[in-house]
Amino acid sequence: TGAIGLYNIGQSCCLNSLLQVFLMNIHFTGILRRITVPQHAVQKRRNVPYQMLLLLEEMQCGKQKAVSPMDLACCLSAYRVKLFVQYDAAQLFLTLWNLLKRQMKNPELVEELSYLYTICVQEHLACQKCSFETKKNSSMLTLPLSVLDSSSRVLKTLEDCLQYFFHPEELTDHNMCFCEQCGRKTPFLQSMKLVHLPQTLTIHLKRFCFEKSAYIHKLRHYLPFPQDLDFNAVLKENQCQADYNEKAAWQYELFAVVAHSGSTSCGHYCAYIRSLTECKWYCFNDSEVCQVSWDDVKCTYGRSNLHWGETAYLLIYMKKHPQ
């Protein structure tokens with residue numbers, strides 16, 4: 001199954017959880033196995049994809065319950081990913097992915113990696129005084145979903161969070177934009193339309209927020225997420241900018257949850273991952289790996305009264321019927 005733990009080498013729970021999510025994804029490892037192996041020893045030590053491949057092979061070939069990610073961690077430290085530091089999982093995920101993409105020499109593999117993870121959206125800005133409108137396509141690695149609305153009210157489900165993310169926003173007062181056609185600042189309507197969803201979709205639940213005192217506060221409230229997610233059923237027609245074939249593949253099944261417990265200053269990460277070969281859920285908690293049920297995964301929905309309770313932070317969905 002590849003369900004092998006990773007030893008904690010000093011506040012490395014965040015790194016360990018993300019590595020497990022990468023390496024349990026057979027679509028990702030299919031790309032990783034085809035990388036060009038660096039020729040020289042120094043290049044091998046400093047190449048993130050190669051060190052990740054070595055770790056994958058050690059996890060699959062070894063008979064021990066856990067292996068050490070020290071060589072990979074030392075490789076990452078050469079790129080300012082320091083050891084013995086508490087990381088934010090969403091930020092570290094972006095850092096790891098960028099290093100992987102930058103150091104893969106084969107352009108075809110880089111393209112495959114991008115296609116596997118990258119979300120494409122179209123940003124719309126429309127002047128409310130005239131017909132002037134601008135459109136801009138952009139890509140993102142995660143969908144960063146707020147768990148509160150603009151009035152700081154709790155959004156009750158993942159579907160509510162998605163609806164809120166793609167809901168048009170009026171830019172008025174001090175947020176007005178300059179309209180080239182009107183020649184002055186006017187109210188605008190800002191909206192985001194979904195163009196393309198990847199095979200592996202990563203959703204970032206923004207559980208950490210700034211208070212007025214600049215103190216980072218964790219939001220622990222209950223927020224359920226489904227095992228099966230159909231974007232066609234969640235989003236409205238005007239929130240999408242995609243053809244029929246693209247939208248037909250927008251049906252997803254939950255693959256992994258990276259969960260955070262504790263506070264912003266003192267916390268811990270673990271990963272719940274569904275084995276794609278066995279279709280069983282496992283909890284990867286550093287060196288400890290155990291089979292769990294869907295009810296165990298649902299414990300990461302969150303509860304406001306549990307200070308140390310686990311809350312889902314990253315949700316990774318996999319396409320049911322990839323094109």
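The rules we used
Residues numbered from 1 in each chain as written. Predicted model: local features only at pLDDT ≥ 70, side-chain atom pairs only at ≥ 80, totals over all residues. Heavy atoms only, no water. Helix = DSSP H or I, 4+ residues; strand = E, 2+ residues; numbered from the N terminus. Buried < 20%, exposed > 50% of the residue type's maximum accessible area, 1.4 Å probe, protein only. Pairing = 2+ DSSP bridges. 1 Å grid on protein atoms, 1.4 Å probe; cavity = no way out; pocket = protein on both sides within 12 Å on 5 of 7 lines; lining within 4 Å. Points joined across faces, edges and corners; volume = space filled by probe spheres on them. Nonpolar A, V, L, I, M, F, W, Y, C, P; charged D, E, K, R; others polar. Disulfide = S-S within 2.5 Å. Salt bridge = Lys/Arg side-chain N within 4 Å of Asp/Glu carboxyl O. Axes fitted to C-alpha atoms, helices over the stretch in contact; angles between N-to-C directions. Parallel < 35°, antiparallel > 145°, perpendicular 65-115°, else oblique. Contact = heavy atoms within 4.5 Å.

Is there a simple way to explain unusual backbone geometry in this structure?
Located in the positive-phi region is Ser152, a residue other than glycine, with phi close to 65°. Here Asp286, not a glycine, exhibits a phi torsion of approximately 55°, which is positive. Mapped onto the fold, Asp286 is located in the loop between β16 (281-285) and β17 (288-292).

How should I be thinking about the pairing of strand β3 (residues 119-127) in this particular structure?
Each regular strand shows side chains that alternate between the opposite faces of the sheet. With seven of nine residues buried, β3 lies mostly within the body of the structure. Sheet topology note: the β3/strand β4 (residues 133-140) ladder contains eight bridges and is antiparallel. Note on β4: the bridge partner recorded for Cys120 is Ser139.

Honestly, empty space enclosed by the protein in this entry has me stumped. Any pointers?
It is a probe the size of a water molecule, rolled over the atoms, that shows where empty space is left. Taken as a whole and judged by the stated rule, the model has three cavities of 30 Å³ or more. Of the pockets and cavities examined, the largest cavity occupies roughly 110 Å³. Where the lining of the largest cavity is concerned, the elements lending two or more residues are α1 (13-23) and α5 (70-77). When grouped by side-chain class, the residues that make up the lining of the largest cavity number eleven nonpolar, three polar and one charged. One number sums up the size of the second largest cavity: a volume of about 80 Å³. Around the second largest cavity sit Leu18, Val21, Phe22, Asn25, Phe93, Tyr117, Thr200, Thr202, Phe255, Leu314 and Ile316, which together line it.

Before we go on, may I ask you to explain the state of the cysteines in this structure?
By definition, a disulfide links the sulfur atoms of two cysteines through a covalent bond. Applying the stated criterion across every chain, the model contains zero disulfides. We note that Cys14 lacks a disulfide partner, and the nearest cysteine sulfur, in Cys13, lies 6.5 Å from it. Considering cysteine sulfurs only, Cys290 is the nearest to Cys279, which forms no disulfide, with 18 Å between them. Among the residues examined, Cys279 registers a relative accessible area of 54% and is labelled exposed.

Explanation requested: the layout of surface pockets in the structure shown.
If you add up the space inside the largest pocket, you get close to 570 Å³. Forming the walls of the largest pocket are 18 residues, and the residues nearest its centre are Ser146, Tyr164, Phe165, Glu169 and Lys206. When residues of the lining of the largest pocket are traced back to their parent elements, those giving at least two are β5 (143-146), α8 (158-165), β9 (188-196) and β11 (208-210). A total of three residues in the lining of the largest pocket trace back to one element, the largest contributor, which is β9. Of the residues that constitute the lining of the largest pocket, the class distribution is ten nonpolar, five polar and three charged. If you add up the space inside the second largest pocket, you get close to 250 Å³. Taken together, 14 residues line the second largest pocket, and the ones lying closest to its centre are Asp88, Gln91, Phe208, Ile216 and Tyr313. Per-class residue counts for the lining of the second largest pocket are five nonpolar, six polar and three charged.

Teacher, can you tell me more about the pattern of salt bridges here?
When the charged atoms of two side chains with opposite charge come close together, those side chains can pair. Inspection of the entire model under this criterion finds seven salt bridges. Lys320 is the partner of Asp228 in a salt bridge, and the nearest nitrogen-oxygen pair spans 2.9 Å. Of this pair, Asp228 sits in strand β13 (residues 228-230) while Lys320 sits in the segment after β18 (311-319); the two residues are 92 residues apart in sequence, bridging distant segments of the chain. For Asp228, a relative accessible area of 43% corresponds to the partly exposed category. Lys247 serves as the salt-bridge partner of Glu237, at 3.0 Å between the closest nitrogen and oxygen. Here Lys247 lies in helix α10 (residues 244-248) and Glu237 lies in the loop between α9 (231-234) and α10, a separation of ten residues in the sequence. Using a relative accessible area of 61% as the deciding quantity, one classes Glu237 as exposed.

Could you clarify how one ought to interpret the packing of α1 against helix α4 (residues 48-61) in this entry?
At their nearest, the axes of α1 and α4 sit 11 Å apart, and the two run at 80° to each other. Considering the angle they form, α1 stands roughly perpendicular to α4. Listed contacts from α4 to Leu19, Gln20 and Leu23 of α1 are Met52, Leu55, Leu56 and Met59. In terms of residue class, the contact of α1 with α4 is made up of six nonpolar, one polar and no charged.

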